[in-house]
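Here is what each chain is made of, one letter per residue.
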Amino acid sequence: MTPRERLLTAIDHKESDIVPVAFLRSTYDATRLNLDVQEYILDPKTKLNAQIELHKRFPECAFIPSMYPDFGMIAEPSALGAEVRLYNNQPPKCLPFVRSIENVDTLEVPDPYHDGFMPKVLAAYKYLLANAPKGYNIDPPFVMGPLCLASEIRGLSDIFSDMFKNPPLLHKLLDICTRTAIEYIKALEEVSGGSDFVFLADDIAGLVSSKFAEEFEFKYMKRIYDSFSGKIRVYHNDAKTMHLLEQIADTGVQLFNFSFQNDLKETKERIGHRVCLWGNVEPIGIFRSGKPEEIEEICRQKILIAAHGGGFVLSTGAAVYGPDQSIDAMINAARKYGRYPIKES
């Protein structure tokens, strides 16, 4: 089986030959290859070649998205009016600009074909689809969840304040962010002719109570997912979400990339029959500085806890920040300990 086939089998809660290994792609892939990040962002050919290089370096690993028009987290905020900062050695960022929640009435849902960096994303997507070698999957980029996007253009502390002081206007802002995501995904679908995934990334829900997460995040996420029937629903949140697990499952999420702070055993017991779990080795500490044998042992434990019956994808609990040897160690652990049927020792 190919890494992509293993991934899709796990999402379907079935056992393949071995536990799939899949990593969340991010703009840090450019720094892994010692590329100029600004050039990587702006030049689709550089982007394509870099992503091919990583696939060749780690042929037994799936990437999610696989090959994609990576612009970090600037497409949606820039389309709404945020100023973009590009850097040579780190991912780009946008600056918050909604200084008062009353200014929400001045915002409009952007046109993905004309506003901000969205047209550049669509153009890069077309380039990848036209020029990627045969055998490579081209996926759409992840899309920011509504609360994440609102935080990017308003500022996180102000969003938290708005939850208490002015929820009606915050709901207006979240409605705009939701419709922005829907229009953006529609444009991506028009370019590709149809993709496998709708991938939402939003850590902010993990920082608030379950009541606020439902009110200000999950009902809006569900609107986005429900707008694209037949797509695999992917969700990334690398904040601790133990207090939100059932609510996350209730959105219809099928593949959940979750934090190392979550207890894997309890997460599997509570929602593993409903959601394919994707994670959750600690990405900064052990994966960045641990010895290969230490990482293999941690991966072995994760496999024993969560891999029985399928529905589990081995990975880190966020993007990949560790060295190549750490990725190799995880792949080796899947080979050694992740062959189905899973053995206890």
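Please refer to the structure placed before this passage.
Since the structure is predicted, the reported quantities are computational estimates derived from the model, not experimental observations.

K.L.:
Could you give an account of the pattern of salt bridges, naming the residues involved and the relevant values?
P.N.:
Here the structure, examined in full by the defined rule, presents 26 salt bridges. In this structure, R270 and E266 form a salt bridge, with 2.9 Å as the shortest nitrogen-oxygen distance. Taken together, the positions of R270 and E266, both in helix α12 (residues 264-271) and four residues apart, correspond to about one turn of that helix. We classify E266 as partly exposed; its relative accessible area is 33%. Three or more residues joined by partner-sharing salt bridges are found here, namely R32, R57, D324 and D328.

K.L.:
With reference to specific residues and values, describe the packing of helix α9 (residues 167-192) against helix α10 (residues 210-226).
P.N.:
With their axes 10 Å apart at the nearest point, α9 and α10 run at an angle of 25° to one another. Looking at the two axes, α9 sits roughly parallel to α10. Handedness of the α9/α10 crossing: right-handed. Residues P167, L170, H171, L174, D175, T178, R179, A181, I182 and I185 of α9 form the contact with α10, whose participating residues are E215, F216, K219, Y220, R223 and I224. Along the lines of polarity and charge, the residues of the contact of α9 with α10 split into nine nonpolar, two polar and five charged.

K.L.:
Talk me through the nonpolar core; I want residue IDs and the actual numbers.
P.N.:
The biggest cluster of nonpolar side chains holds 103 residues, and the ones touching the most others in it are F23, L173, Y235, F256 and L314. By residue number, the principal contributor to this core is α9, which donates 13 residues. If you look at the next biggest cluster of nonpolar residues, it comprises 18 residues, including A62, I64, L255 and V313.

K.L.:
Residue-level account of the sheet that holds strand β5 (residues 143-144), with values.
P.N.:
Reading across from one edge, β5-β6-β7-β8-β9-β10 is the order of the six strands in this open sheet, with parallel pairing throughout. The open sheet has two free edges, formed respectively by β5 and β10 (312-316), since each of these has just one partner strand. Contacting β8 (255-258), β9 (276-281) and β10, α12 runs over the sheet at an angle of about 175° to β9.

K.L.:
Can you explain the pairing of β9? Please cite residues and give values.
P.N.:
The element β9 is largely enclosed, with a buried count of six among its six residues. Considered for its hand, the β-α-β crossover made up of β8, α12 and β9 is right-handed. Sheet topology note: the β9/β10 ladder contains five bridges and is parallel. When the bridges of β10 are listed, W278 appears paired with V313.

About the thresholds
- Residues numbered from 1 in each chain as written.
- Predicted model: local features only at pLDDT ≥ 70, side-chain atom pairs only at ≥ 80, totals over all residues.
- Heavy atoms only, no water.
- Salt bridge = Lys/Arg side-chain N within 4 Å of Asp/Glu carboxyl O.
- Helix = DSSP H or I, 4+ residues; strand = E, 2+ residues; numbered from the N terminus.
- Buried < 20%, exposed > 50% of the residue type's maximum accessible area, 1.4 Å probe, protein only.
- Axes fitted to C-alpha atoms, helices over the stretch in contact; angles between N-to-C directions.
- Parallel < 35°, antiparallel > 145°, perpendicular 65-115°, else oblique.
- Left-handed = near helix turned anticlockwise from the far one by under 90°.
- Contact = heavy atoms within 4.5 Å.
- Nonpolar A, V, L, I, M, F, W, Y, C, P; charged D, E, K, R; others polar.
- Core = buried A, V, L, I, M, F, W, Y, C linked by side-chain atoms within 4.5 Å.
- Pairing = 2+ DSSP bridges.
- Right-handed = clockwise from strand over helix to strand, strands pointing away.

The values reported here are purely geometric and, on their own, carry no functional implication.
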